[in-house]
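Chain residues, written in single-letter form:
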Amino acid sequence: MTNAISWFEIPVKNFERAKSFYTTVLDTTIKDTPMPGMKYGMFAYDEDNNGVGGGIVEMDGYTPSSEGVVVYLNGGNDLNVPLSKVESAGGSIVMPKTDIGENGFMAQVLDTEGNKIALHSWG
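This text gives an overview of the structure that appears in the document.

Calculation notes
Residues numbered from 1 in each chain as written. Predicted model: local features only at pLDDT ≥ 70, side-chain atom pairs only at ≥ 80, totals over all residues. Heavy atoms only, no water. Pairing = 2+ DSSP bridges. Helix = DSSP H or I, 4+ residues; strand = E, 2+ residues; numbered from the N terminus. Salt bridge = Lys/Arg side-chain N within 4 Å of Asp/Glu carboxyl O. Buried < 20%, exposed > 50% of the residue type's maximum accessible area, 1.4 Å probe, protein only. Polar contact = N/O pair within 3.5 Å; in protein donor to acceptor, adjacent residues only side chain to side chain. Contact = heavy atoms within 4.5 Å. Axes fitted to C-alpha atoms, helices over the stretch in contact; angles between N-to-C directions. Core = buried A, V, L, I, M, F, W, Y, C linked by side-chain atoms within 4.5 Å.

### Thoughts on the pairing of strand S7 (residues 105-110)
Step number 1: Bridge count for strand S6 (residues 92-99) against S7 is five bridges, and the pairing is antiparallel. Residue pairing in the sheet places isoleucine 93 in a bridge with valine 109 of S7.
Step number 2: Here S7 folds back onto strand S8 (residues 116-121), and the loop between the two strands holds five residues, one of which, glycine 114, carries a positive phi near 100 degrees.

Put into structure tokens, the structure is as follows:
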């Protein structure tokens, strides 16, 4: 096994609001991938090499939460960049940029839907 994670899904209540939050904060695209009974958007990932990927999902039975599993998203080369966009995009910072030694830096935020997610970077 190369990676412990192969795919993740972040539950959302308002697909467009969540999509705007993540595209703004992470400076990425989310590809609309409609499926029956749900709204689904996939984060950019290395599809050609079976890279780890994930999406945002609006559907019955998917409830955002600030408790439980925390997904770490790539914060780019400098964690200060996405963190500077969190509040203006409608989220909040619950743990500021924190040095985690040889593992780089991390922070935790609440997205517009109430999910606690983490951001990681090496700088």
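### Structural notes on the pattern of salt bridges
Step number 1: All chains considered together, the criterion is met by three salt bridges.
Step number 2: The salt bridge involving lysine 97 is made with aspartate 78; its shortest N-O contact spans 3.7 Å. Of this pair, lysine 97 sits in strand S6 while aspartate 78 sits in the loop between strand S5 (72-74) and helix H2 (80-86), placing them 19 residues apart in sequence.
Step number 3: Residue lysine 97 is classed as partly exposed on the basis of its relative accessible area, which comes to 28%.

### Digging into unusual backbone geometry
Step number 1: At aspartate 27, a residue that is not glycine, the phi angle is positive and equals roughly 50 degrees.
Step number 2: Its place among the elements puts aspartate 27 in the loop between helix H1 (15-26) and strand S2 (30-32).
Step number 3: Taking the relative accessible area as the measure of exposure, aspartate 27 reaches 65% and is therefore exposed.

### Here's the deal with the side chain of threonine 112
Step number 1: Residue position: threonine 112 is located in the loop between S7 and S8.
Step number 2: Residue classification places threonine 112 among the buried residues on the basis of a relative accessible area of 18%.
Step number 3: One polar contact links threonine 112 to glutamate 113, side chain to side chain, over a distance of 2.7 Å.
Step number 4: Residues in contact with threonine 112, not counting those within four places in the same chain, are Arg17, Ala18, Phe21, Ala89, Gly90 and Gly91.

### Regarding the side chain of asparagine 115
Step number 1: Among the structural elements, asparagine 115 can be located in the loop between S7 and S8.
Step number 2: Note on asparagine 115: relative accessible area 4%, which makes it buried.
Step number 3: Ignoring anything within four residues of it in the chain, the contact list for asparagine 115 reads Ile10, Pro11, Pro64, Ser65, Val109 and Leu110.

### Section: the sheet that holds strand S3 (residues 39-43)
Step number 1: Here we have four strands laid out as an open sheet, ordered S1-S4-S3-S2, and mixed in their pairing. Two strands lie at the open edges of the sheet, namely strand S1 (7-11) and S2, each paired on one side alone. Between one strand axis and the next, the sheet turns by 30 degrees as a mean value, whatever way the strands run.

### As for the nonpolar core
Step number 1: In this structure, Ile10, Tyr22, Phe43, Ile56, Leu73 and Leu119 are the most contacted members of the largest nonpolar core, which totals 22 residues.
Step number 2: Sort the elements by how many residues they give to this core and H1 lands first, with six residues.
Step number 3: Ignoring sequence-local partners within four residues, the contact set of phenylalanine 43 consists of Phe8, Ile10, Tyr22, Leu26, Thr28, Thr29, Ile30, Gly54, Gly55 and Ile56.

### So, the environment of valine 94
Step number 1: Along the chain, the position of valine 94 falls in strand S6.
Step number 2: Along the backbone, valine 94 and glutamine 108 are 14 residues apart, and their C-alpha atoms lie at a distance of 5.5 Å.
Step number 3: Among all residues touching valine 94, those that are not within four sequence positions of it are Gln108, Val109, Leu110 and Lys116.

Don't take any of this as a statement about function, it's just geometry.
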